[in-house]
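Given next are the chains, with one letter for each unit.
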Amino acid sequence: RPLQCSVSPTYPHKAMWRSVGPLARAVPKARAASRLCYAAVAHTQRAASAVLHHHPHHHLTATTTSTIAARSFHAAVRAQALQPEPDKSYDAVLAITETTLNNMQNERMMYIKALRGIATDMANESLMKRWQQLMEIYFTSLLHAIIPYGYQSNEQGLKVFNEVFEITMRSHPSKARLLDLTKQRWRVMVKAAFNVELREEDYMTLDRARKLSERMAAGLQKEDFLQKVTSAVASLPKNAQEMDKHKAVMDLLLPQQMKAIEEFGFKGDDGYVRMQTAMIDHANDETIMYNVMSSTMAVFRRAGLSMPTA
């Protein structure tokens with residue numbers, strides 16, 4: 001018989017699945033298929049949240065996240081059941097990037113609605129909360145785009161794809177097309193979520209972008225800042241979870257970065273968003289990547305946190 005999963009008013013992330021009999025027949029036992037049914041949703045949501053804890057720059061409500069997750073159910077279950085080798089070709093990376101851009105622009109999908117919700121429903125929230133919300137929407141959309149290409153629907157799947165994407169961006173002769181799609185997607189996102197667009201003076205040469213990343217990295221590695229990180233983590237309760245440590249670190253991180261970028265003309269919340277958007281042009285530059293990684297490592301080590309995995 002087709003498997004049926006009902007909606008729980010207490011746990012909205014237990015999305016409503018209907019008529020999944022064909023998928024149940026794809027696995028040995030119906031009970032195993034039922035567990036897989038729930039895992040497809042749970043993995044999608046856990047992965048997006050887990051990545052955010054490691055990537056502050058890069059939160060959907062539970063109901064909105066569930067709605068988005070539900071749309072990828074069939075693909076997620078098939079990927080978990082079959083576990084194919086991920087497609088690491090340039091064509092696959094290009095297709096995934098195009099898919100995320102198209103989905104972000106599709107007025108009938110939940111991504112653009114969730115992004116606009118940041119501007120309308122979270123206007124009084126801190127920049128950090130709004131930025132995290134933006135990134136959770138992005139990671140959720142990326143998870144759904146990579147599943148049909150054999151990537152796992154979890155944090156490990158994102159990690160593998162991001163590694164493939166970075167390698168492709170550095171070495172493939174057609175990387176310019178990927179960069180163009182990435183810039184388009186980012187601008188669609190920040191326009192919808194923050195109503196921010198780049199000004200002519202925001203565009204940066206590679207040299208200026210490197211100097212900005214060096215200034216931010218230097219600020220994050222200063223002993224006085226690292227001591228603040230140590231104190232913030234030490235002040236947490238003894239039973240504090242890694243999530244609590246991340247929040248304490250992030251509450252210090254963004255103001256420190258905003259201080260560093262003011263001399264480059266990026267002031268206030270809008271300035272921070274414009275800076276992140278402008279830096280996309282040079283995100284895969286080796287020098288900038290080193291500056292980001294070295295400063296992140298210093299902060300995470302001082303806080304006793306594991307390094308990002310995606």
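Residues numbered from 1 in each chain as written. Predicted model: local features only at pLDDT ≥ 70, side-chain atom pairs only at ≥ 80, totals over all residues. Heavy atoms only, no water.

## Examining the overall build of the protein chain
Filter applied, for reference: Runs of H or I in DSSP of at least four residues are treated as helices and runs of E of at least two as strands, each being numbered from the N terminus. Per-residue accessibility, obtained with a 1.4 Å probe over protein chains only, is compared with the maximum for each type, and a residue is labelled buried under 20%, exposed over 50%, and partly exposed between these values. Using a 1.4 Å probe, the Shrake-Rupley method yields the accessible areas, and only the shown protein chains count as cover for residues.
Of regular secondary structure, the protein chain possesses 14 helices and zero strands. Seen in sequence order, the protein chain has helices and strands lined up from the N terminus as α-α-α-α-α-α-α-α-α-α-α-α-α-α. Counting over 310 residues, the protein chain shows a buried share of 51%. Entry remark: accessible area of the protein chain is about 15600 Å², with carbon and sulfur atoms responsible for 52%.

## A few points about the confidence of the model for the protein chain
Counted only if it meets this: How sure the predictor is of each residue is captured by pLDDT, a score from 0 to 100. Any pair of residues with heavy atoms lying within 4.5 Å of one another is described as a contacting pair.
Residues at a pLDDT of 70 or more form 72% of the protein chain, whose mean pLDDT is 79. The secondary structure element of the protein chain with the lowest average pLDDT is helix α1 (residues 21-24), at 38, and the one with the highest is helix α5 (residues 90-105), at 96. Note that pLDDT drops below 50 for residues 1-38; the model gives that stretch 52 contacts with residues more than four away or on any other chain. A low-confidence stretch, residues 58-64 stays under pLDDT 50, and its non-local contacts, those more than four residues away or across chains, total 21 contacts.

## Side note on the side chain of Asp202
Where we set the bar: The definition of a polar contact used here is a pair of N or O atoms within 3.5 Å, where within protein one atom must be able to donate a hydrogen and the other to accept one, and adjacent residues in sequence count solely through side-chain atom pairs.
Within the secondary structure, Asp202 is located in the loop between α9 (175-194) and α10 (206-220). Here Asp202 falls in the buried class, since its relative accessible area comes to 1%. A distance of 2.8 Å separates the side chain of Asp202 from the backbone nitrogen of Arg199, its partner in a polar contact. Those residues within four positions of Asp202 in sequence are excluded, and the remaining contacts are Glu197, Arg208, Phe266, Arg274 and Ala278.

## Section: the packing of α9 against helix α13 (residues 268-279)
Convention followed: Helix axes are fitted only over the stretch in contact, all axes being lines through C-alpha atoms; the angle between N-to-C directions runs from 0 to 180 degrees. Working definition: roughly parallel below 35 degrees, roughly antiparallel above 145 degrees, roughly perpendicular at 65 to 115 degrees, and oblique for all remaining angles. Gly is placed with the polar residues, together with every amino acid not listed as nonpolar (Ala, Val, Leu, Ile, Met, Phe, Trp, Tyr, Cys and Pro) or charged (Asp, Glu, Lys and Arg).
The contact between α9 and α13 brings their axes to 10 Å, and the two run at 170 degrees. Between α9 and α13, the interaxial angle falls into the category roughly antiparallel. On α13, the residues touching Trp186, Arg187, Val190 and Phe194 of α9 are Val273, Gln276 and Thr277. Here the residues of the contact of α9 with α13 are counted per class, giving four nonpolar, two polar and one charged.

## Here we look at the nonpolar core
Here is the rule we go by: Throughout this description, the term nonpolar core refers to a set of buried Ala, Val, Leu, Ile, Met, Phe, Trp, Tyr and Cys residues connected via side-chain atoms within 4.5 Å.
Core analysis: the biggest nonpolar cluster contains 72 residues, and Leu115, Leu134, Phe194 and Leu212 have the highest contact counts within it. In terms of residue count, helix α7 (residues 127-146) provides more of this core than any other element does, 12 residues in total.

## Some points on unusual backbone geometry
Note on backbone geometry: most residues besides glycine have negative phi, and most peptide bonds are trans. Phi at Asn195 is positive, roughly 55 degrees, even though this residue is not glycine. By the secondary structure assignment, Asn195 is in the loop between α9 and α10. For Asn195, a relative accessible area of 56% translates into the label exposed.

## Digging into the environment of Glu262
Along the chain, Glu262 falls in the loop between α12 (242-261) and α13. For Glu262 and Tyr272, which are 10 residues apart along the polypeptide, the C-alpha to C-alpha distance reads 8.9 Å.

## A word on the packing of aromatic side chains
Condition: Aromatic rings from Phe, Tyr and Trp, taking only the six-membered ring of Trp, are treated as a pair when their centres fall within 6.5 Å; an angle between ring planes under 30 degrees marks them as stacked, one over 60 as edge-to-face, and anything in between as tilted.
Applying the stated rule across the entire model yields six aromatic pairs. Taking 5.9 Å as the distance between ring centres and 35 degrees as the angle between the ring planes, the aromatic pair formed by Trp131 and Phe194 counts as tilted. Here the residue Trp131 occupies a position in helix α7, and Phe194 occupies one in helix α9, the gap between them amounting to 63 residues. A residue is classified by how much of its surface remains accessible, and Trp131, at 0% relative accessible area, is buried. A relative accessible area of 10% places Phe194 in the buried class. Note on Tyr138 and Phe139: the rings are 5.3 Å apart at their centroids and 50 degrees apart in plane angle, and the pair reads as tilted. For the pair shown, Tyr138 and Phe139 are each scored as buried. Each member of the aromatic cluster is reached from another via a ring pair, and the members are Trp131, Trp186, Phe194 and Tyr272.

## What about the environment of Arg177?
Examined against the element boundaries, Arg177 turns out to sit in helix α9. By relative accessible area, Arg177 is classed as partly exposed at 37%. C-alpha separation for the pair Arg177 and Leu94, spaced 83 residues apart in sequence, amounts to 8.1 Å. Sequence-distant contacts of Arg177, defined by excluding residues within four places in its chain, comprise Tyr90, Leu94, Glu98 and Gln184.

## Let's talk about helix α11 (residues 223-234)
Put simply, the rule reads: For a helix, the expected span equals 1.5 Å multiplied by the number of residues minus one. Directions are taken from the helix axis to each C-beta atom, and the arc is the one they span.
An ideal rise of 1.5 Å per residue puts 16 Å on 12 residues; α11 measures up with 16 Å between its terminal C-alpha atoms. Phe225, Leu226, Val229 and Val233 are the residues of α11 that are buried. All buried residues of α11 fall inside an arc of 100 degrees around its axis, so they share one side. Opposite its buried face, α11 presents the exposed residues Asp224 and Ala234, each directed more than 90 degrees away.

## Topic: the side chain of Thr277
Structurally, Thr277 is set in helix α13. Ignoring sequence-local partners within four residues, the contact set of Thr277 consists of Trp186, Arg187, Val190 and Leu198.

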